[in-house]
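Summary of the model geometry
Residue strings, one per chain:
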Amino acid sequence: MKNKLKNFGLCYICLISFSNNAEKFGDPGEIIAIKASSDDIDKYLTVEINESLYKLIPLPFEKQNESIYVNDEKININQKDFGESRITIKNNSMVNLSKEDSDRAFKESKIIQKALSNYSKFLVPDLNFINPVEGVISSRYGKKRYINNLPRSPHLSLDIAAAEGTKIISPSKGEVILVGDFFYSGNFIVIDHGFGLISTYSHLSSVQVKENEFIKKGQKIGEVGSTGRVTGPHLHWTVYLNKVRINPESIIQENFLESLL
């Protein structure tokens, strides 16, 4: 019999569930569901399945071939080859930063980290996300990143190339918690979807929402651009759960929830 996901005042979400005694494995960047108690409701993104509670745990990319522990439960994270991505940035000042630019980028990273930590427990998240922009995927989640042949941090987002000015919509309802113009990200938006589920949008040519604005699923939030550190117009889309960057493609697959039931 198929499991039914109920709205527990928290969310509907894709799940990989296991019996209590089964050893747990999952791929980096994905989400795993483990048994929860009523005490977990305020700590985790939680759903009810067949009258049992499950807490949703993101699997960090950097913990590949290692294990994480949630309370006393062990979760093994698989090793996975995501391939590599090589880009060339002609403006060397955007690659080897001056002290002024480095200081700016550091301060901006602190602002973003603060935003990622201040999520709502009143919004009810919905992981039936829709694609935020029509375009061509130019770089997938998890790829090893080389810039001007130098190794950089892995690409833990989804890049979607599109023409300058292409409409960007919110993939789900939420609250805009940060808007700014940043060194790396250019024109930048952060949306809080509730209970640690947050999405960000980088390199926009225009922003059409304001901080503290509540937005609907499918609402236009901005347009594709090439602001910040880029090689051309595209949307750099990142999705976080509990400050862990998860694979955005996992939550925009057609009939994704139904396929897991």
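Residues numbered from 1 in each chain as written. Predicted model: local features only at pLDDT ≥ 70, side-chain atom pairs only at ≥ 80, totals over all residues. Heavy atoms only, no water.

Moving on to the sheet that holds strand β2 (residues 24-26). Overall, mixed pairing links the three strands, which are arranged β2-β7-β6 in an open sheet. The open sheet is flanked by β2 and β6 (67-70), the only strands paired with a single partner. Taking the axes of each pair of neighbouring strands and ignoring which way they run, one obtains an average angle of 30° across the sheet. The pairing of β2 with strand β7 (residues 73-77) spans three bridges and is classified as parallel. The residue bridging Lys-24 from the neighbouring strand is Ile-75, located in β7. (Pairing = 2+ DSSP bridges. Helix = DSSP H or I, 4+ residues; strand = E, 2+ residues; numbered from the N terminus. Axes fitted to C-alpha atoms, helices over the stretch in contact; angles between N-to-C directions.)

Scored by pLDDT, the chain has a mean of 86; 88% of the residues are at 70 or more. For the stretch residues 1-19, pLDDT sits under 50, and the model shows 67 contacts to residues farther than four places along the chain or on other chains. Long-range and interchain partners of residues 256-261, a stretch whose pLDDT sits below 50, account for 12 contacts in this model, where long-range means more than four residues apart. (pLDDT = per-residue confidence, 0-100. Contact = heavy atoms within 4.5 Å.)

Its place among the elements puts Tyr-54 in strand β5 (residues 52-58). A C-alpha to C-alpha distance of 8.8 Å links Tyr-54 and Asp-40, two positions 14 residues apart in sequence.

Further remarks concern the pattern of salt bridges. All chains considered together, the criterion is met by eight salt bridges. Ionic pairing is found between Lys-55 and Asp-40, a salt bridge with its closest N-O pair at 3.2 Å. Linking Lys-55 in strand β5 with Asp-40 in the loop between β3 (31-35) and β4 (45-49), this pair joins segments that are 15 residues apart in sequence. Here Glu-249 ties to Arg-140 by a salt bridge, and the two come within 2.8 Å at their closest N and O atoms. Highlighted residues: Glu-249 in the loop between β21 (244-246) and α2 (256-260) and Arg-140 in the loop between β9 (136-139) and β10 (143-147), separated in sequence by 109 residues. For Glu-249, a relative accessible area of 22% corresponds to the partly exposed category. Residue classification places Arg-140 among the partly exposed positions, given a relative accessible area of 42%. (Salt bridge = Lys/Arg side-chain N within 4 Å of Asp/Glu carboxyl O. Buried < 20%, exposed > 50% of the residue type's maximum accessible area, 1.4 Å probe, protein only.)

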